[in-house]
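# Structural overview
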Amino acid sequence: MALRIGVLGGTFDPIHIGHLRGALEVAELLALDEVRLIPSARPPHRDTPQVTAEQRLQLVRLAVAGEPLLRVDDRELARTTPSWTIDTLESLRGELGADDQLFLLLGWDAFCGLPSWQRWTELLQHCHLLVLQRPDADSEAPEALRDLLAARSVNEPAALCGPAGQIAFVWQAPLAVSATDIRRRLAAGCSVRFLLPDAVLHYIDAHGLYRAPN
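Residues numbered from 1 in each chain as written. Predicted model: local features only at pLDDT ≥ 70, side-chain atom pairs only at ≥ 80, totals over all residues. Heavy atoms only, no water.

## Quick word on the pairing of strand S1 (residues 4-10)
We count it as follows: Residue exposure (1.4 Å probe, protein chains only): buried if accessible area is under 20% of the type maximum, exposed if over 50%, otherwise partly exposed. A run of H or I in DSSP counts as a helix once it spans at least four residues, and a run of E counts as a strand once it spans at least two, with each numbered from the N terminus. Here a strand pair is declared whenever DSSP counts at least two bridges between the two strands. Orient the strands so they point away from the viewer; a crossover is then right-handed if the path from the first strand over the helix to the second runs clockwise.
The buried fraction of S1 is high, at five of seven residues. Across four bridges, S1 lies against strand S4 (residues 101-107) in parallel orientation. Bridge pairing in S4 places Val7 opposite Leu104. As paired elements, S1 and strand S2 (residues 34-39) share six bridges and run parallel to each other. Across the sheet, residue Gly6 finds its bridge partner in S2, namely Val35. For the segment spanning S1, helix H1 (residues 17-29) and S2, crossover handedness is right-handed.

In structure tokens, the structure reads:
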């Protein structure tokens, strides 16, 4: 049978319960074999993360330990080039069978920013796009994406067929958690318990990550 693999990339600076719940809910909704969490080494569209790529990778490993549907993939850390998503998808495709399905998970903001991504028009050659959107979202996609949505979107995520090429929206009520807010709280010496898995928080505390310099 064809594999069904989800892909969730990001800086994970740090990884938190919002990332994990979103990935797990999609895995269960679409009966995926797994979702691969892929930390960016050199994110091309964001500021350089506060902690090293190796430390962020370790945080993700700790976060998913014991959850069989979530897996860590460190391929972007092995590259010396910027962490372009198209390169990652091409690499994954080279390891999978022709019939295996790839699903790239994107938040609404990231989806709207696709026209600024490297070779973005080629993404759907390698994967389906799953856009995670809140039920109360009222913003519209940019004009550059409207023709693509008209041609490639399906009404229900379960209707995605074939190995790649389509777009579906997954309506979620995301947890109001952000890595930016977590970093701010840590720098201020405030508690972030229950916003992160305990193992992640213990690693951050043990290594003094995100703390304001003395």
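## Notes on the side chain of Ser83
What counts, and what does not: Definition of a polar contact: a pair of N or O atoms within 3.5 Å, with one able to donate and the other able to accept a hydrogen when the atoms are protein atoms, and with sequence-neighbouring residues admitted only if both atoms are side-chain atoms. The contact definition used throughout considers only heavy atoms, calling two residues in contact when any of these lie within 4.5 Å.
Mapped onto the elements of the fold, Ser83 is located in the loop between strand S3 (70-72) and helix H3 (85-93). In this structure the side chain of Ser83 is engaged in a polar contact, spanning 3.1 Å, whose partner is the backbone nitrogen of Ala41. If sequence neighbours within four positions are ignored, Ser83 has contacts with Ser40, Ala41, Arg42, Pro43, Pro44 and Glu76.

## Brief notes about H1
Side chains of residues three or four places apart in an α-helix project in the same direction, reflecting 3.6 residues per turn. What counts, and what does not: A helix's residues, less one, multiplied by 1.5 Å, set its expected span.
Over its 13 residues, H1 extends 18 Å from the first C-alpha to the last, a length consistent with the 18 Å expected when each residue adds 1.5 Å. Listed in full, the buried residues belonging to H1 are Leu20, Gly22, Ala23, Leu24, Val26 and Ala27. Just downstream of H1, Ala31 is the residue with a positive phi angle, here 50°.

## Side note on the packing of aromatic side chains
Going by this rule: Centres within 6.5 Å are what make two rings of Phe, Tyr or Trp a pair, Trp counting through its six-membered ring; a difference in plane orientation under 30 degrees is then read as stacked, over 60 as edge-to-face, and the rest as tilted.
Per the stated rule, a full pass over the model turns up four aromatic pairs. Ring geometry for Phe111 and Phe169: centres 6.2 Å apart, planes at 80°, overall edge-to-face. Placement of Phe111 in helix H4 (residues 108-112) and of Phe169 in strand S6 (residues 167-171) is noted, with a sequence separation of 58 residues between them. Take Phe111: its relative accessible area is 0%, and that puts it in the buried class. When the ring of Phe169 is compared with that of Trp171, the centres are 6.1 Å apart and the planes differ by 20°; the resulting orientation is stacked. Taken together, the aromatic side chains of Trp108, Phe111, Phe169 and Trp171 make up a single cluster linked through ring pairs.

## As for the side chain of Thr88
The topology assignment puts Thr88 in helix H3. Taking the relative accessible area as the measure of exposure, Thr88 reaches 2% and is therefore buried. The residues contacting Thr88, other than those within four sequence positions of it, are Ile38, Arg75, Glu76 and Arg79.

## Considerations on the sheet that holds S6
Pairing between the strands of a sheet comes from backbone hydrogen bonds, and it takes one of two forms, parallel or antiparallel. Applicable threshold: Note on geometry: axes are lines fitted to C-alpha atoms, helical ones only across the stretch in contact, with angles between N-to-C directions running from 0 to 180 degrees.
Taken in spatial order, the six strands make up an open sheet running S3-S2-S1-S4-S5-S6, and their pairing is parallel. Each edge of the open sheet is held by one strand with a lone partner, namely S3 and S6. Between one strand axis and the next, the sheet turns by 30° as a mean value, whatever way the strands run. Relative to S6, strand S5 (residues 128-133) runs parallel, the two being bridged by five bridges. Note on S6: the bridge partner recorded for Gln133 is Trp171. On top of the sheet, H1 reaches S1, S2, S3, S4, S5 and S6; it is set at about 150° to S2, its chief contact.

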